[in-house]
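Below are the chains, spelled out letter by letter.
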Amino acid sequence: MRFLIVRTDIRAAADADITAAWAGGQRLRDETARPEPRRQVVHADDRDAALLLARAIATVGSVRSGKQRVKVLPLDDARHQRAAPDWPGT
């Protein structure tokens, strides 16, 4: 399985936005609608390599200080892909 390792900037959120999202039961950040800006993207062919790269990227000062984050995303795992709904009569 292939993996994508991404280092992104963390968007700051105002206290009022956090309170409104919490009260309304909504998400504060929706990565599908507004993804965080990417700083670095790396591909890996297996999970161990992806985690090793993520650990190395996590040593960057801006990640350690909380201004950026590292994400490890599976690219072609069938468990994470949405299946088409099974409609009656099709």
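What you see is a predicted model, and the numbers here were worked out from it, not measured in a lab.

> Would you mind going over the pattern of salt bridges with me for this structure?
A side chain with one charge can pair with a side chain of the opposite charge if their charged atoms come near. Evaluated as defined, the whole model comprises four salt bridges. Residues aspartate 9 and arginine 39 are paired through a salt bridge, measuring 2.9 Å at the closest nitrogen-oxygen approach. With aspartate 9 in strand E1 (residues 3–9) and arginine 39 in strand E2 (residues 38–44), this residue pair connects regions lying 30 residues apart in the sequence. On the basis of relative accessibility, which here comes to 16%, the residue aspartate 9 falls in the buried class. Ionic pairing is found between arginine 69 and glutamate 36, a salt bridge with its closest N-O pair at 2.9 Å. Linking arginine 69 in strand E3 (residues 68–74) with glutamate 36 in the loop between helix H1 (15–24) and E2, this pair joins segments that are 33 residues apart in sequence. On the basis of relative accessible area, glutamate 36 is assigned to the buried category, the value being 4%.

The rules behind the values
Throughout this description, residue numbers start from 1 for each chain and increase along the sequence as written. In view of the model being predicted, local features appear only for residues whose pLDDT reaches at least 70, and side-chain atom pairs are presented and counted only at 80 or more, with totals across whole chains, interfaces and linings using the full set of residues. Hydrogen atoms and water are omitted, and side-chain values are computed over all heavy atoms in the structure. We count a salt bridge whenever a side-chain nitrogen from Lys or Arg sits within 4 Å of a carboxyl oxygen from Asp or Glu. Segments assigned H or I by DSSP are reported as helices when at least four residues long, segments assigned E as strands when at least two residues long, and all are numbered from the N terminus. Buried residues are those whose accessible area, probed at 1.4 Å on protein chains only, stays under 20% of the maximum for their type, while exposed residues exceed 50% and partly exposed ones sit between those limits.

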